[in-house]
Amino acid sequence: MTLESKVPAGPLDSKWQQHKFDMSLVAPANRRKHNIIVVGTGLAGASAAATLGELGYNVKAFTILDSPRRSHSIAAQGGINAAKNYKNDGDSVYRLFYDTIKGGDYRSREANVHRLAEVSVDIIDQCAAQGVPFAREYGGTLSNRTFGGAQVSRTFYARGQTGQQLLLGAYSSLIRQVDRGQVEIFARREMLDLVLVDGVARGIITRNLITGELERYAADTVLLCTGGYANLYFLSTNAGNSNVTAAWRCAKRGAYMANPCYVQIHPTCIPQSDEFQSKLTLMSESLRNDGRVWVPMKSGDDRPPQQIPEDERDYFLERKYPSFGNLVPRDVASRNAKTVSDEGRGVGSTGRAVYLDFSDAIDRVGAQVIAERYGNLFQMYERITGDDVYVDKAMRIYPAIHYVMGGLWVDYNLMSNVPGLHVLGEANFSDHGANRLGASALMQGLADGYFVAPYTVADYLANAKNDPVGTDHPAFAEAEEAVTDRIARLLAVQGKRTVLEFHRDLGKIMWNKVGMSRNRAGLEEALSEVRALRDEFWRDVKVAGTAADFNKTLEHALRVADYFEFGELLIRDALHREESCGGHFREESQTDEGEAQRDDDTYAYVAAWEYKGTEADPVLHKEPLTFDFVEVKQRSYK
Ligand SMILES: Cc1cc2nc3c(=O)[nH]c(=O)nc-3n(C[C@H](O)[C@H](O)[C@H](O)COP(=O)(O)OP(=O)(O)OC[C@H]3O[C@@H](n4cnc5c(N)ncnc54)[C@H](O)[C@@H]3O)c2cc1C
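Residues numbered from 1 in each chain as written. Predicted model: local features only at pLDDT ≥ 70, side-chain atom pairs only at ≥ 80, totals over all residues. Heavy atoms only, no water.

Trainee: Could you clarify how one ought to interpret the sheet that holds strand S3 (residues 80–81) in this entry?
Mentor: Hydrogen bonds between backbone atoms are what pair the strands of a sheet, whose relative direction is either parallel or antiparallel. Spatial strand order, S3-S5-S4: 3 strands in an open sheet with antiparallel pairing. In this open sheet, the two edge strands, each paired with only one partner strand, are S3 and strand S4 (145–146). Where S4 lies against strand S5 (residues 153–156), 2 bridges are found, and the strand directions are antiparallel. Bridge pairing in S5 places arginine 145 opposite threonine 155. (Pairing = 2+ DSSP bridges. Helix = DSSP H or I, 4+ residues; strand = E, 2+ residues; numbered from the N terminus.)

Trainee: Can you walk me through the nonpolar core in this structure?
Mentor: Where a protein is soluble and globular, its nonpolar side chains tend to be buried together. With 157 residues, the main nonpolar core has Ile80, Leu224, Leu421 and Leu570 as its most contacted residues. Membership of the second largest hydrophobic core comes to 28 residues, among which are Val295, Phe316, Phe358 and Tyr381. (Core = buried A, V, L, I, M, F, W, Y, C linked by side-chain atoms within 4.5 Å. Buried < 20%, exposed > 50% of the residue type's maximum accessible area, 1.4 Å probe, protein only.)

Trainee: Just checking my understanding: could you explain the packing of helix H14 (residues 474–493) against helix H17 (residues 552–576) for this structure?
Mentor: Angle between the axes and distance between the axes: these two values describe a pair of packed helices. Running from amino to carboxyl end, H14 crosses H17 at an angle of 105°, the nearest separation of the two axes being 11 Å. Judged on the interaxial angle alone, H17 and H14 are roughly perpendicular. When H14 is examined against H17, the residues Arg486, Ile487, Leu490 and Leu491 are found in contact with a partner set consisting of Leu554, Ala557, Leu558, Ala561, Asp562 and Glu565. Residue classes in the contact of H14 with H17 are distributed as 7 nonpolar, no polar and 3 charged. (Axes fitted to C-alpha atoms, helices over the stretch in contact; angles between N-to-C directions. Parallel < 35°, antiparallel > 145°, perpendicular 65-115°, else oblique. Contact = heavy atoms within 4.5 Å. Nonpolar A, V, L, I, M, F, W, Y, C, P; charged D, E, K, R; others polar.)

Trainee: I would appreciate a short explanation of the site of the ligand in the present structure.
Mentor: Around the ligand, the surrounding shell holds 38 residues, and the nearest of these are Ser71, Ser73, Gly78, Met191 and Glu426. Interatomic distance of 3.2 Å between a backbone N/O atom of glutamine 77 and a nitrogen atom of the ligand. Side-chain polar atom of asparagine 243 to a nitrogen atom of the ligand: 3.3 Å apart, as the coordinates give it. Here the ligand loses 97% of its free accessible area of 1,000 Å² to cover by the protein chains. Going through the elements one at a time, helix H3 (43–55), strand S7 (189–197), strand S16 (394–404) and helix H13 (441–463) are the ones with two or more residues in the shell around the ligand. (Near = heavy atom within 4 Å. Polar contact = N/O pair within 3.5 Å; in protein donor to acceptor, adjacent residues only side chain to side chain. Areas by Shrake-Rupley, 256 points an atom, 1.4 Å probe, with all protein chains shown as cover.)

Trainee: Can you walk me through the sheet that holds strand S14 (residues 313–314) in this structure?
Mentor: The 5 strands are arranged S12-S16-S15-S13-S14 in an open sheet whose pairing can be described as antiparallel. Because the sheet does not close on itself, it has two edges, and the strands there are strand S12 (263–269) and S14. Of the pairings in the sheet, the one linking S12 to S16 comprises 5 bridges and is antiparallel in character. Each bridged residue has a counterpart across the sheet, and for cysteine 269 the counterpart in S16 is tyrosine 398. Packed onto the sheet, helix H9 (residues 330–345) meets S12, strand S13 (292–296), S14, strand S15 (354–357) and S16 and runs at close to 65° relative to S12.

Trainee: What am I meant to see in H14 here?
Mentor: Side chains that are three or four residues apart share a direction in an α-helix, a result of its 3.6 residues per turn. Between the first and last C-alpha of H14 there are 29 Å, a value that for 20 residues agrees with the 28 Å anticipated at 1.5 Å per step. Taken together, the buried positions of H14 are occupied by Ala475, Phe476, Ala479, Glu480, Val483, Arg486, Ile487, Leu490, Leu491 and Val493. Where H14 is buried, its residues touch S7, strand S8 (200–208), strand S9 (214–218), helix H7 (245–252), helix H16 (520–540) and H17. Note on H14: the residue one or two positions beyond its end, glutamine 494, has a positive phi of about 50°. (Expected span 1.5 Å × (residues − 1).)

Trainee: Even after reading the chapter, I still don't get the packing of aromatic side chains, so can you show me in this structure?
Mentor: Geometry of an aromatic ring pair is reported as the spacing of the ring centres plus the angle between the planes. In the structure shown here, the tally under the stated rule is 24 aromatic pairs. Their ring planes at 25° and their centres at 6.3 Å tell us that tyrosine 374 and phenylalanine 378 sit as a pair that is stacked. Taken together, the residues tyrosine 374 and phenylalanine 378, both in helix H11 (residues 367–385) and 4 residues apart, mark about one turn of the helix. Residue class for tyrosine 374 comes out buried when judged on its relative accessible area of 2%. An aromatic cluster of three or more residues is present, and its members are Tyr229, Trp248, Phe566 and Tyr611. (Phe/Tyr/Trp six-rings, centres within 6.5 Å; stacked < 30°, edge-to-face > 60°.)

Trainee: Got a minute to help me understand the environment of histidine 576 in this structure?
Mentor: Positionally, histidine 576 belongs in helix H17. Residue histidine 576 is classed as buried on the basis of its relative accessible area, which comes to 18%. The spacing of histidine 576 and tyrosine 603 is 27 residues in sequence and 9.7 Å in space, taken between C-alpha atoms. Residue contacts for histidine 576: discarding those within four places in its chain leaves Tyr603, Tyr605, Ala607, Trp609 and Leu620. Here aspartate 573 takes part through its backbone oxygen, which lies 2.9 Å from a polar atom of the side chain of histidine 576.

Below you can see the structure in the form of structure tokens.
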């Protein structure tokens, strides 16, 4: 199958404008005839559901949580990018586009990224109008700060709670539509299958997480906004409920999974303290605006940070990357933290941490100003580690799995290769290439939901057949039966090991062999170890309770079963891509200075994988990436 990106022709900066004009509209009186399913109510899903509701479509919105407000998006701390150029420091739509293409290591579509940069400015206006309390300057204008991979200040923020405030804005709009009767929210529902009728996405099967009942919902189109799969690695900064299940079930129904090996490792997380930890905590990238990253010059130097004199410290990011210093992109910062730790210069009890030091900033602007900027983060750090940053002047941080650039393949209209299945937010692969720049995920999720999908979904509905389909169609019965069988199989195993143990073991393999740096031998080992563990899981997992009930273990088991299958695909993708790019670092492919070495002649494409069965090899489809508007070169932040 040829993957058609459907990128419109014409000059880069007018493609989207022209496309919006060229696309079909649905007349207001006809919108109420269309039913739309939105799965997921994080920033992408809530903004899409609210906007489509406002337009007059009938929307059903699903979430596994008790309220959309608890979606993982709430965790986003640092900010959201927009090319407003309020600081007059040289920003522009083109510069945001350029930084994002370069930050993604030239593995994303130019047209998508330019559109993202264009609509970024509208997002801020929309959110400010909703009452999102963005930080402001003395005179009342919106403030912003710098983030990694950029030399301009374009990150809008609401203290360290940007995601929460943006989500409250989207949620208010959503609830307005609930009140108007345009949107119906189905909380505590987990989508467990996609229903295709004549090859077109026409509905979903969900499990009611309170009663255990399986339910069928039909619609004219399905928007999947279910977030990312970082929890495959067990330990990550993601909310415990983030998962791959909905996306993987779509993949099993024919949607291609793109670039699954592009996983982001964030450099500033609180290091793991012991084996039994279930979650890692992010310390926002915004801290790198004022914090300086360093390790002792000598290995084994265990003096407290403030007793180590300046000339015995190695500010390794500032030394190696003088232009961007501590604000190099995440992949670069993470790899360098690993390198110095591997050299034995890591700090803390495990030796796998580096310092993020605020002494200079506190001396320069005072503790009060630093507290205003990062107070809630310092408090969070103290609650978790017991250490007071105002006293120690430095945090210990280490990279952790944080975000995924990979996801379901979509065309320019955010539609997957399965007609009628649109994918938004972190669940799709678009826009960030092999490495996402900080503060760009919120931008993308809201761009997709507020400003892209409302147009492209209308175009789809205006041109689709839309024959009425009821939940009594045999396709619904078949999908429901498949879900029932899978649940029954899991409950029937009645082995000895807990789901948690399996998930932890899977995460360890992934982190050790498919984590920050990867090589052929390690990836091959990981593949066979994951397969062996999957077999053991299906022989020896213990899922207590019944299907017809509230059952957290069953929920977890269903997700872990999907992680096993999806994890194999991720490893295969990492194996086949024998180049380094962005977050995917193949040790065999590095420059003399240890930086990622791309192979543009061979790998300048999106890898979109077609599922062929759990025991069968997936089929690789390639969408070539062409760069007509930027010069492709070796990334440099020096
Ligand atoms: C700690 C942390 C801090 C971050 N800070 C920033 C930041 O400062 N700036 C930035 O740009 N990005 C940041 N990110 C990334 C950003 O928060 C996410 O990429 C983004 O919020 C994802 O939004 P989403 O709407 O795509 O998905 P989510 O917010 O993950 O929402 C997914 C939704 O899908 C639902 N769902 C999932 N599976 C199912 C299913 N099977 N059935 C039904 N519903 C389902 C969930 O219940 C939820 O409602 C951060 C990420 C983390 C982990």
